[in-house]
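Remarks on the overall topology
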Number of protein chains: 2
Amino acid sequence: MNNHSPITQINGEDTNCVNAFDRGLYYGHGLFETTRLSGGAIPLWPLHCKRLAAGASRLGIPCDERKLVEYRDTLLAQCPDNGIVKIVLTAGVGGSGYRPPESVSPSYLFQWFPFPKYSCDWFSTGIPLFLCKHKLAISSSLAGMKHLNRLEQVLARAEWGDEYPEGLLLDQQGLVIEGVSSNLFCFRENQWFTPILADCGVAGVMREYLMSVLLPALSVPVTESRITLEKLVSSEEVFLCNSVVGIWPVVSLADRYHWPLGEHVKSIQHRLQDVLPCYG
Amino acid sequence: MNNHSPITQINGEDTNCVNAFDRGLYYGHGLFETTRLSGGAIPLWPLHCKRLAAGASRLGIPCDERKLVEYRDTLLAQCPDNGIVKIVLTAGVGGSGYRPPESVSPSYLFQWFPFPKYSCDWFSTGIPLFLCKHKLAISSSLAGMKHLNRLEQVLARAEWGDEYPEGLLLDQQGLVIEGVSSNLFCFRENQWFTPILADCGVAGVMREYLMSVLLPALSVPVTESRITLEKLVSSEEVFLCNSVVGIWPVVSLADRYHWPLGEHVKSIQHRLQDVLPCYG
């Protein structure tokens, strides 16, 4: 399956061509979702849709869920059953400079990729985490959204090479926010904590699923909280999550702080695998 | 002249098609310049080149000035003698997610547009300025650059309609930074001040030209400074500038604060017009 070439469709048509005047390119005026494709289906699809629609509303882009489903199904009819489906929704062409047009005609870009190569060990033995020097900017009007303005992540990811699967991002005040491509949870005082994302960060779909569905089903308390680096390093267990890889236990930060791969993380991994086997 | 359609060339070839995998679309991993075209030439070209190269270096994009000149001349040979030339330099296709490829192969996009319609009065009688609610995020690693992550400007520009030609942006601390598409100068205590752009904002090419060439030639002192809203509103004269329109005197802010269109602004306008007549 992984030998297939990527496939791109824009508004349901096979093409690799994005209009040079698209506001997605000009200003990053748009959003994206990176979804897992497993056995011909996208797990957590309703949450991806919900997040995309919420972000689109904040950016003044009308998002038609009927079209999302139609273009998704057009892609799925042509691509392999497993891999990654990336969805990019932009404000399309138009407007006078930064000013959006009165009537936005969005572009729906759907892409299929083969699933990237990750080490199986990361799921079972945990990952070492890099500590990024780049500090996330604070902007409540952009916080939480998976928009196309991702230079901060590009600069952060350029700080290290192959030696770490993921890096930790702090904000301008030094608070713990997220991984470069993932969200973070830490366990202490008999409950899970995850950073508040009101000022910066991306509110991930897997984070949402764990908080609203899986952890409540396990009767495990979870709280959004202000998390300092001190609070993180003195936690008992830590994991990262996203909707591509599921859950990665974290066993160290900056080769200096260490956590065990404990029973609390393992029980969440097992429950997730029971419900959605692709994340096992 | 203004009846011509826009022209787009990528890497010197006529095309409206940007690769759907371009990092410019995916992440806004790139930069742009919006330049004035007058009588077949781009005034301030060396400063546009210098800023583009400096930003490219910060974003890990190799910028070949020889190619910039070659692609510029290819465009200028085909387009009308007057208008706007937009240059977009992106990190091209490649890399593993946010991580840039080891060898970046940039895309050079050149576009010609007709000059937009502005009121002639704005040059001679000054403009009213809107005060944006959106507060610029603070990020020293992105400050100063004219990169493609411009959602803040899009959100700010969406706050008002036709009633103001431009809006004023403050940062998260309430300091005065810039116009949505321009830089700001204010006169008080016998000198000009312009905001420090170390934490946010775009360091404009016209701003650079005024600070390093034109104001020194007029023996007028100018200082980069921390400018509060109080300092701005108690200034004697205010203007905005960019390399498309030149200099616009500002006569009011939020319909509440007012400045005269005084001799200090006029003398700068006249000097600029003497040296570069297109800005008259």
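Anyway, here's the lowdown on the structure attached to this text. Please read all numbers here as calculations on a predicted model, not as lab measurements.

**Considering the relation of the copies chain A and chain B**
The transformation that overlays chain A on chain B combines an axial shift of 0.0 Å with a rotation of 180 degrees, and the residual RMSD is 0.0 Å. Taken together, the rotation and translation describe the operation of a two-fold axis. In this assembly the copies share their binding face: 100% of the residues contributing to the interface of chain A also contribute to that of chain B.

**Some remarks on the environment of Cys186 of chain B**
Residues and elements named next belong to chain B. By secondary structure assignment, the location of Cys186 is in strand S10 (residues 183-188). Considered as a pair, Cys186 and Cys17 are 169 residues apart in the sequence and their alpha carbons are 42 Å apart. What Cys186 contacts, discounting residues up to four positions off in sequence, is Gln191, Trp192, Phe193, Ile227, Leu232, Ser235, Glu237 and Val238.

**What about the interface of chain A and chain B?**
With 49 residues of chain A at the interface, the matching set in chain B holds 49 residues. Across the chain A to chain B interface the summed buried area is about 4200 Å²; carbon plus sulfur atoms make up 66%. For the chain A face of the interface with chain B, the top three residues by lost area are Leu25, Tyr98 and Leu151 of chain A, together amounting to 19%. Taken together, chain A and chain B are joined by two salt bridges. Viewed at the interface, chain B and chain A are joined by 17 residue pairs in polar contact (both at pLDDT 80 or more). If you list the elements that add at least two residues to the side of chain A that touches chain B, you get strand S3 (17-19), helix H1 (23-27), strand S5 (83-90), strand S6 (107-113) and helix H5 (151-157) of chain A. The dominant element in the side of chain A that touches chain B, judged by the number of residues it contributes, is H5 of chain A, at six residues. Looking at the side of chain A that touches chain B, its residues break down into 24 nonpolar, 17 polar and eight charged. Sheet topology places S3 of chain A next to strand S3 (residues 17-19) of chain B; three bridges connect them, and they run antiparallel.

**Let's talk about the side chain of Ser235 of chain B**
Residues and elements named next belong to chain B. Assignment of secondary structure puts Ser235 in the loop between helix H7 (229-233) and strand S13 (237-242). When its relative accessible area of 7% is taken as the criterion, Ser235 is described as buried. In terms of polar contacts, Ser235 uses its side chain to reach the backbone carbonyl oxygen of Lys231, at 2.8 Å. Sequence-distant contacts of Ser235, that is, excluding residues within four places in its chain, are made with Cys186, Phe187, Arg188 and Trp259.

**Remarks on the side chain of Arg207 of chain A**
Residue and element names in this part refer to chain A. Here Arg207 lies in helix H6 (residues 205-217). The exposure class of Arg207 is buried, given its relative accessible area of 5%. Beyond its immediate chain neighbours, meaning those up to four positions away, Arg207 contacts Asn183, Phe185, Thr194, Pro195, Leu197, Glu224 and Cys241.

About the cut-offs
- Residues numbered from 1 in each chain as written.
- Chains lettered and ligands numbered in written order.
- Predicted model: local features only at pLDDT ≥ 70, side-chain atom pairs only at ≥ 80, totals over all residues.
- Heavy atoms only, no water.
- Least-squares fit on C-alpha atoms with pLDDT ≥ 70 in both.
- Contact = heavy atoms within 4.5 Å.
- Helix = DSSP H or I, 4+ residues; strand = E, 2+ residues; numbered from the N terminus.
- Buried area = accessible area lost by both parts, 1.4 Å probe.
- Salt bridge = Lys/Arg side-chain N within 4 Å of Asp/Glu carboxyl O.
- Polar contact = N/O pair within 3.5 Å; in protein donor to acceptor, adjacent residues only side chain to side chain.
- Nonpolar A, V, L, I, M, F, W, Y, C, P; charged D, E, K, R; others polar.
- Pairing = 2+ DSSP bridges.
- Buried < 20%, exposed > 50% of the residue type's maximum accessible area, 1.4 Å probe, protein only.

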